[in-house]
Amino acid sequence: MEPKEESINAMEALSPVLVVAGARPNFMKVAPIIHALDSARIRRILVHTGQHYDAQMSDTFFAELGIPAPDRHLGVGSGSHAAQTARIMEAIEPVLLETRPRWILVVGDVNSTLACALVAAKLRHSIGCRIAHVEAGLRSNDWSMPEEVNRVLTDRLSDLLLTPSPDAEPNLLREGIEAERIVFVGNVMIDTLLRMLPGARAHDAPRRVGIGGSPFAIATLHRPSNVDSPTTLRPILMALGALAVSMPVVLPLHPRTRQRVEEFGLGSLLAPLKATPPLGYTDMLGLQSAASVVITDSGGVQEETTVLGIPCVTLRETTERPITISVGTNRLAPWPLTEDGIVATVRAALEQGPVPVGARAPAGWDGRASQRIVEALRNHTNVA
Ligand code: UD1
């Protein structure tokens, strides 16, 4: 149904909500937020920073998740943290000055998240915009992770902190953030998962990647702390190879990981694995939902396996998503990572088998987080 002319005019009179998307894990969070803003007829501007730019890392997700074309594309591309963050800051500033949004909404913990929040914080008083952070309050307490720096600083800069799980609020309160700025909205990435799951199951991804109907494992690897040194990358790939003796192991290769495998001359360790290019959302979700075990260093995959009830082994020292461990789907491999430690943890996870998550599913991981985000924006126009 088309909005009446006077309501279009009223809507246009309000300054817009500017939504930032930059890297692959942002797209599944931004999709339901854009759809919810559009359903509520709230004027919005979608900005893609271009932090991720390959078709397989970006365009595929826009197409599969039905995200409209960005209104602005900043085209920043790859670079060192300083160069990438600086380029995003320089490019978003004129967009904010021109569009004067009432809200700038940033998601997750990537460089685009912090860069845009930082510029908005400096312009907040001159253009009257407020900053909302979706996925606020997660903490690994590991300051060697660039994402931890991005999370803590983005939260400190934000007016409205939209949390995905109950563990997040105490983290924010401990850092001195006022309770009235914090709103528990649940996990918006799960809105996308629940919407896409029936289609993903019907898509038969295992057969499409050539592993038929037998039990299999899927692994994802991209953390600099795991892949940027042969000392860590080699034992991880050897552990996956040992596992591949008993079941196929699918390894969609992130561009960073592919580059490092080549650079370190570790290509032969991929031979026992079913290495693929980065997968689209539907294939990845279909594979996760059918896997016997998932091995990962991604934050989002830890959450997706929790909703799916699939055992997950996380290749990190800590997780900023402890709820995935308390629900019972996720476990950390012993640190520092070794081939034997990873293999033993994966075997324990396989023995455990699928986890009947049912009523233990985290509160707010219910497919309606994007609606609660829109409500929170409406209700909190008066925060400082
Ligand atoms: C970024 C995020 C990380 C997130 C991950 C998901 C930060 C600090 N890191 O890490 O939190 O989990 O995305 O993928 O924001 N490259 C391509 N094509 C692309 C994008 C990147 O080939 O479309 C290559 C480039 O060589 C680049 C490297 O991958 O240098 C790493 O990309 P970058 O965006 O710097 O970090 P990610 O490791 O992807």
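Since the structure is predicted, the reported quantities are computational estimates derived from the model, not experimental observations.

(A) Looking closely at the sheet that holds strand β8 (residues 217-220). Judged by pairing direction, the sheet is parallel, and its six strands sit side by side in the order β10-β9-β8-β11-β12-β13 without closing on themselves. Strand pairing shows two members of the sheet lacking a second neighbour, β10 (274-276) and β13 (330-332), which therefore form its edges. Taken pair by pair, the neighbouring strands of this sheet meet at an average axis angle of 20°, ignoring direction. Summarising the sheet, strand β9 (residues 249-252) and β10 pair through three bridges and their orientation is parallel. Note on β10: the bridge partner recorded for Val 250 is Lys 274. Here helix α16 (residues 339-352) sits on the sheet and contacts β11 (293-296), β12 (312-314) and β13; the angle it forms with β13, its principal contact strand, is near 160°.

(B) Seen up close, the environment of Leu 96. If you trace the backbone, Leu 96 turns up in helix α4 (residues 81-99). With a relative accessible area of 0%, Leu 96 lands in the buried category. Between the C-alpha atoms of Leu 96 and Cys 129, which are 33 residues apart in sequence, the distance is 8.8 Å. Discounting residues that sit within four places of it in the chain, Leu 96 has contacts with Leu 18, Pro 101, Ile 104, Val 119, Ala 120, Leu 123 and Ile 127.

(C) Geometry of the site of the ligand. Neighbouring the ligand are 17 residues; Gln 51, His 52, Glu 147, His 222 and Arg 256 lie closest to it. Between the ligand and the protein, one listed contact pairs an oxygen atom with a side-chain N or O atom of Arg 256 at 2.7 Å. Coverage of the ligand by the protein amounts to 88% of the 740 Å² it exposes when considered alone. When residues of the shell around the ligand are traced back to their parent elements, those giving at least two are α4 and α12 (255-263). A total of three residues in the shell around the ligand trace back to one element, the largest contributor, which is α12. Broken down by class, the residue content of the shell around the ligand amounts to five nonpolar, nine polar and three charged. Domain assignment of the residues forming the shell around the ligand places at least three in each of domain 1 (5-187 + 366-379) and domain 2 (195-360).

(D) Summary view of the sheet that holds strand β7 (residues 182-184). In space, the seven strands of this open sheet follow the order β3-β2-β1-β4-β5-β6-β7, with parallel pairing throughout. Lying at the two open borders of the sheet, with one neighbouring strand each, are β3 (72-73) and β7. Strands in contact with α4 are β1 (17-21), β2 (44-48), β3 and β4 (103-107); relative to β1, the strand with the most contacts, it is inclined by about 165°.

(E) How the structure looks around helix α6 (residues 146-157). In this model, α6 (twelve residues) spans 17 Å end to end at C-alpha, consistent with the 16 Å of a helix rising 1.5 Å per residue. Within α6, the full set of buried residues consists of Glu 147, Glu 148, Asn 150, Arg 151, Val 152, Thr 154, Asp 155 and Leu 157. At its buried positions, α6 is contacted by β4, α5 (111-128), β5 (130-134), β6 (160-163) and α7 (168-174).

(F) Geometry of the domain arrangement of the chain. Domain annotation for the chain reports domain 1 (5-187 + 366-379) and domain 2 (195-360). Computed from C-alpha coordinates alone, the two centres of domain 1 and domain 2 are separated by 27 Å. Taken together, the 25 residues of domain 1 in the interface contact 19 residues of domain 2. Contact with domain 2 buries area across many residues of domain 1, yet Gln 56, Glu 64 and Leu 65 alone supply 25% of it, more than any other trio. The interface formed by domain 1 and domain 2 holds three salt bridges in total.

(G) Molecular detail of the pairing of β4. Along β4, five of the five residues are buried, which leaves the element largely enclosed by surrounding structure. Alternating residues of β4 divide into Trp 103, Leu 105 and Val 107 and Ile 104 and Val 106, and every residue in both groups is buried. In terms of strand pairing, β1 meets β4 through three bridges, oriented parallel. Opposite Val 17, over in β4, you have Trp 103 as the bridge partner. Pairing geometry for β4 and β5, over five bridges, is parallel. Across the sheet, Val 107 pairs through a bridge with Val 134, a residue of β5. With α5 bridging β4 and its parallel neighbour β5, the resulting β-α-β unit is right-handed.

So, how was this worked out
- Residues numbered from 1 in each chain as written.
- Predicted model: local features only at pLDDT ≥ 70, side-chain atom pairs only at ≥ 80, totals over all residues.
- Heavy atoms only, no water.
- Pairing = 2+ DSSP bridges.
- Helix = DSSP H or I, 4+ residues; strand = E, 2+ residues; numbered from the N terminus.
- Axes fitted to C-alpha atoms, helices over the stretch in contact; angles between N-to-C directions.
- Contact = heavy atoms within 4.5 Å.
- Buried < 20%, exposed > 50% of the residue type's maximum accessible area, 1.4 Å probe, protein only.
- Near = heavy atom within 4 Å.
- Polar contact = N/O pair within 3.5 Å; in protein donor to acceptor, adjacent residues only side chain to side chain.
- Areas by Shrake-Rupley, 256 points an atom, 1.4 Å probe, with all protein chains shown as cover.
- Nonpolar A, V, L, I, M, F, W, Y, C, P; charged D, E, K, R; others polar.
- Domains from an automatic or database assignment.
- Expected span 1.5 Å × (residues − 1).
- Buried area = accessible area lost by both parts, 1.4 Å probe.
- Salt bridge = Lys/Arg side-chain N within 4 Å of Asp/Glu carboxyl O.
- Right-handed = clockwise from strand over helix to strand, strands pointing away.

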